[in-house]
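Given next are the chains, with one letter for each unit.
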Amino acid sequence: MIAATDVDESSLHYRGWRVVLACFLMAFFMFGFGLYGQGVYLAELQRAHGWPGTLVSAASTFSFLLTAVLVIFTDDLLARIGLRSLILCGLAALGASTVLLALMQAPWQLYLAYALMSVGWTGMGTVVIATVLNSWFERRRGLALSLAFNGATCGGIVLVPLLLSLTGSIGFRAAMLVVTIVMVVLVLPVVVGFIGWPAESLRTTGGRPGGAAAAPAHSRKTLLASAAFWTMVLPIAIALLAQMGFIIHQVTFLEPLIGRASAGLAVTIMAAMAVVGRLSLGLFVDRLDPRLACSASMTSQAAALFVLLQSTSPAVLLACCAVYGFSIGNMITFPPLIIQREIGSAAFAAAMGLGTSISGIVSAFGPGIVGLVRSFTGSYTMAFAMCVALDLVAAGIVLWRPGARTKLAAL
């Protein structure tokens, strides 16, 4: 996936920006339904069917782990069925999942719905979005990624309150069906009309979009033996483990200190700052060293958590959540930038898929580990101190540059 370099990527007439819009909408609904909406499903399915929370929570864990496995094969799917077909399959799977969530009557249908959601993640998630934008942008790649991935945060800010509001007025079933129809109406036309590989990419890869690897299994084996790959994946996975642990336990930690309303405000501020952070990074990241910027983001999160543990002032606690939120979204923006610079275009989809899978599996244990430490110690002090230490370790590892820049052109 080699972006054309003879075009003005800053021009609003450049077709790549229409691709960014399509990716923004994909991220908006994929993260809105597939991540942030799961709290809504937990409450509503328990209320509607009397199912225990552990049943629904286990289905969520099953979905995240299945997603982590499926995304490994994104490069194979791109080579076999093509970009647009893969995205349309993801859209169909996500739509089927949300419809089934609205209409289900038995627990086995819950697991089927969450399995379909995993297929949706494979077709519309971060790996596909990063892969297609990598092919369209060279000089403004960081800005394009930041804008598109802001759809993920906006999905949580907009879609979840919308679902809750509609559920209160027309019921959960109708709310899910209405928002699913809106998703299809908005996403389908832009995917069909805007999504595709740039002509330059097709010419330079011999007609195989994305430089589809002839031997993807060998590509993954080579990536796993690459120190450059591990010094990117490992710190991101560690930082996301700490980040997921804090996010899930944030309200529980803050509520006794500042009250439920202020704890909810802290979550809103953190989400809003995630949008600001992505936009701010996008304006400058193409002129920065992505490893250095990534290390700085991890360090800022460690500092915010450290100060948060030292204070009981509502203003200070809210400020810490704002600082922490500034870097939340950028943890999924840095990997594609580092991969493009150090591993290259030929192995981009394979590296993104494998790296996302590893990070997803590791970070899934974050909430459980933080909860376990809190149970053993009786407070969040040691648990969040552990997150501070993990962030600092990750910030150090990501600065390690093993050898010169290596392009895995043989993959």
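Residues numbered from 1 in each chain as written. Predicted model: local features only at pLDDT ≥ 70, side-chain atom pairs only at ≥ 80, totals over all residues. Heavy atoms only, no water.

Named according to an unreviewed UniProt entry, the chain is Transporter protein originating from Bradyrhizobium cosmicum.

K.L.:
So what exactly am I meant to see when it comes to the pattern of salt bridges here?
P.N.:
Opposite charge on two side chains allows them to pair when their charged atoms are near. Counted by the stated rule, this structure contains three salt bridges. The residue E138 makes a salt bridge to R141 at a minimum N-O spacing of 3.1 Å. With a relative accessible area of 6%, R141 lands in the buried category. The partner of R291 in a salt bridge is E342, and the shortest N-O contact between them spans 2.6 Å. Of this pair, R291 sits in helix α14 (residues 290-310) while E342 sits in helix α16 (residues 334-342); the two residues are 51 residues apart in sequence, bridging distant segments of the chain. A residue is classified by how much of its surface remains accessible, and E342, at 16% relative accessible area, is buried. (Salt bridge = Lys/Arg side-chain N within 4 Å of Asp/Glu carboxyl O. Buried < 20%, exposed > 50% of the residue type's maximum accessible area, 1.4 Å probe, protein only. Helix = DSSP H or I, 4+ residues; strand = E, 2+ residues; numbered from the N terminus.)

K.L.:
Help me understand the nonpolar core, please; the structure alone is not making it clear to me.
P.N.:
Within soluble globular proteins, side chains that are nonpolar generally end up buried alongside one another. Counting residues in each nonpolar core, the largest one holds 98 residues, and the members touching the most others are F33, Y41, L101, L110 and L133. Per-element accounting of this core gives the leading share, 13 residues, to helix α1 (residues 16-36). (Core = buried A, V, L, I, M, F, W, Y, C linked by side-chain atoms within 4.5 Å.)

K.L.:
When you look at the environment of G360 in this model, what are you seeing that I'm missing?
P.N.:
Tracing the backbone shows G360 in helix α17 (residues 348-363). Sequence spacing of G360 and L240 is 120 residues, and the spatial spacing of their C-alpha atoms is 8.3 Å.

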